[in-house]
Every structure is written in structure tokens, then in C-alpha cells.
Amino acid sequence: MREIVFATNNQHKLDEIRKITGGRLRILSLADIDCHEEIEETGSTLEENALIKAGFVREKYGYDCFADDTGLEVGALDGAPGVYSSRYAGNGCNPADNMDKLLLALKGAENRSAQFRTVIALVINGKEHLFDGVIKGKIIEEKRGTTGFGYDPIFMPDGYDKTFAELGNEVKNSISHRALAMEKLVGFLLKN
């Protein structure tokens with residue numbers, strides 16, 4: 001079975017990716033390769049941040065690697081929080097802080113359209129490849145649901161009447177932005 005490193009210390013993401021790949025690949029985490037460094041995300045785009053993380057692991061540890069960066073892009077906020085989604089409420093913030101800030105920014109807004117976008121960078125055999133996944137939806141007015149992480153309690157994907165946090169991980173993992181990008185990555189890896 002092909003082995004590849006996923007440049008993350010986020011256990012939620014790691015579990016999600018392992019479920020999405022369904023055992024078709026052996027996914028190693030940063031901890032599995034004894035990388036405990038915080039890889040700075042200094043890029044101004046999702047693509048740049050994903051490439052920074054995957055490139056760091058390849059260069060420093062020698063493993064073929066993929067990394068992702070995900071942003072929630074809200075229409076009424078000109079695409080914000082975007083690349084800053086995980087720290088929208090400031091450094092040291094938590095997901096609840098980010099959701100509270102976003103809900104406040106959208107208070108009274110008629111246009112609540114949003115999309116989650118994931119970019120996965122793969123660095124393999126000295127080459128870089130990018131894969132993306134997008135799911136459109138809207139930001140609801142109050143938090144609902146208990147599963148998932150990040151903005152899941154306030155994001156309702158198009159075609160559903162429940163938030164990601166209400167749909168549960170099995171449904172979310174089959175339709176999410178990350179799932180769409182991962183299917184492209186897995187397809188590429190299984191062919192190459």
C-alpha cells in the first residue's frame with residue numbers, strides 16, 4: 001500500500017482524511033514521522049500555504065507529502081475570512097470565537113452565500129501538484145449541530161437543510177470540499 005505523509009497535526013483533519021481515503025493509502029501524520037515543528041503558514045493564498053507545508057516536509061524529512069489549506073469564503077464579505085479562516089478572530093482564537101465574529105459581521109445581511117474551498121498541494125518525486133475542492137452553501141444565523149469542527153455548525157451546504165455539524169461526519173465526509181479535493185488527489189496517486 002502506498003504510504004504518504006499528510007502535513008498536519010490536526011487530529012480532526014487526519015481522521016477525516018483517513019476516512020475519506022478508505023484504506024486506499026497509508027496516511028502518516030507529522031507526529032508519525034517525528035515532526036513536531038509548527039510549520040508557519042505565511043502565504044497569502046490557500047495554494048501558497050499548502051505548498052509551504054508540503055514542501056517543508058519533503059525538504060526536511062524526505063517524504064512524499066501532501067498538505068491542505070482550507071478557507072471559508074463568504075460572498076457578503078468579499079471572500080473573507082478566506083485564507084485567514086482559522087485565525088479570523090485573531091491569534092489564539094478558537095472556532096467559537098471565529099463563528100461569533102462571522103455571525104456578527106453578517107448580522108442583518110441578506111446575502112449569506114458562502115463556499116468552503118480546499119486546496120491540496122502534493123510534493124512527490126520532486127514535482128508539485130495542486131488539487132481543489134469547493135462546496136457551496138450559506139451561513140445560517142445561529143449555530144446548529146455537534147459534530148465536525150471549525151465553521152461546521154453555521155455552514156449549510158446547498159441541497160441540504162442541515163449544517164455540516166448536523167449532517168454528521170459520514171455524510172459530510174462524502175460531500176465536503178476536502179472530500180472532493182482528496183478524491184482528485186487519491187485518483188492521481190493511484191494512477192501514478
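All of these numbers come straight from a predicted model, not from anything done at the bench. (Residues numbered from 1 in each chain as written. Predicted model: local features only at pLDDT ≥ 70, side-chain atom pairs only at ≥ 80, totals over all residues. Heavy atoms only, no water.)

Colleague: I keep staring at the overall build of the protein chain and nothing clicks. Help me out?
Modeller: Scanning the protein chain from terminus to terminus reveals six helices and seven strands. Going from N to C terminus, the protein chain has its helices and strands arranged as β-α-β-α-β-β-α-β-β-β-α-α-α. For 192 residues, the compact-globule formula gives about 16 Å, and the C-alpha radius of gyration of the protein chain, at 16 Å, lands near that figure. With the C-alpha coordinates of the protein chain rotated into their principal frame, the extents come out at 50 × 30 × 25 Å. Here the protein chain, with 192 residues, has 46% of them falling under the buried criterion. Partitioning the intrachain contacts of the protein chain with sequence separation of at least 6 by distance along the chain shows that 54% fall at a separation of at least 24. (Helix = DSSP H or I, 4+ residues; strand = E, 2+ residues; numbered from the N terminus. Rg over C-alpha atoms; globule rule 2.2 N^0.38 Å. Buried < 20%, exposed > 50% of the residue type's maximum accessible area, 1.4 Å probe, protein only. Contact = heavy atoms within 4.5 Å.)

Colleague: Sorry, what's going on with the pattern of salt bridges here?
Modeller: Should their charged atoms come close, side chains of opposite charge can pair. Tallied over the full model, the rule gives 16 salt bridges. Notably, a salt bridge pairs Asp 68 with Lys 13, separated by 3.2 Å at the nearest N-O pair. You can see Asp 68 sitting in strand β3 (residues 65-74) and its partner Lys 13 sitting in helix α1 (residues 11-21), a full 55 residues away along the chain. When the shortest N-O distance is used, the salt bridge between Glu 166 and Arg 144 registers 3.0 Å. In this pair, Glu 166 sits in helix α4 (residues 164-167) while Arg 144 sits in the loop between β6 (127-139) and β7 (155-157), placing the two residues 22 residues apart along the sequence. (Salt bridge = Lys/Arg side-chain N within 4 Å of Asp/Glu carboxyl O.)

Colleague: How should I be thinking about the side chain of Arg 178 in this particular structure?
Modeller: Tracing the sequence through the fold places Arg 178 in helix α6 (residues 177-191). Not counting residues within four places of it along the chain, the set of residues in contact with Arg 178 comprises Lys 13, Glu 16, Ile 17, Ile 20, Asp 68, Thr 70, Thr 118 and Phe 149.

Colleague: Any chance you could explain unusual backbone geometry here in plain terms?
Modeller: The omega torsion across Ala 80 and Pro 81 is 0 degrees, close enough to zero to call that bond cis. With phi around 55 degrees, Asp 78 is a residue other than glycine that occupies positive phi space. Mapped onto the secondary structure, Asp 78 falls in the loop between β3 and β4 (81-82). Its identity as a non-glycine residue notwithstanding, Asn 125 has a phi of 50 degrees, on the positive side.

Colleague: When you look at the UniProt feature "binding site: Mg(2+)" (unreviewed entry) in the protein chain in this model, what are you seeing that I'm missing?
Modeller: Within this structure's numbering, the places UniProt gives as "binding site: Mg(2+)" (unreviewed entry) are Glu 40 and Asp 69. On the basis of their most widely separated C-alpha atoms, the annotated residues across 30 residues gather in one place, lying no more than 12.2 Å apart. Summarising the element assignment, Glu 40 is placed in the loop between β2 (26-28) and α2 (46-61). The exposure class of Glu 40 is exposed, given its relative accessible area of 57%. (UniProt positions renumbered as here; feature names shortened; annotations may be inferred.)

Colleague: How do you make sense of α6 when you look at a structure like this?
Modeller: The α-helix advances 3.6 residues per turn, and as a result positions three or four apart in sequence lie on the same side. The end-to-end C-alpha distance of α6, which contains 15 residues, comes to 22 Å, matching closely the 21 Å that a straight helix rising 1.5 Å per residue would cover. Where α6 is concerned, the buried positions are His 177, Arg 178, Ala 179, Ala 181, Met 182, Leu 185, Val 186 and Leu 189. (Expected span 1.5 Å × (residues − 1).)

Colleague: Would you explain the nonpolar core in this entry?
Modeller: Here is a general trend for soluble globular proteins: nonpolar side chains tend to be buried in one another's company. One finds Leu 72, Leu 102, Ile 139, Tyr 151, Ile 154 and Phe 155 to be the most contacted residues of the largest nonpolar core, which totals 19 residues. Listed by contribution, the elements that provide at least two residues to this core are β3, α3 (95-105), β5 (113-124), β6, β7 and α4. It is α3 that contributes the most residues to this core, three residues altogether. Those residues in contact with Ile 154 that sit more than four places away from it in its chain are Met 99, Leu 102, Leu 103, Lys 138, Ile 139, Ile 140, Glu 142, Lys 143 and Thr 163. (Core = buried A, V, L, I, M, F, W, Y, C linked by side-chain atoms within 4.5 Å.)

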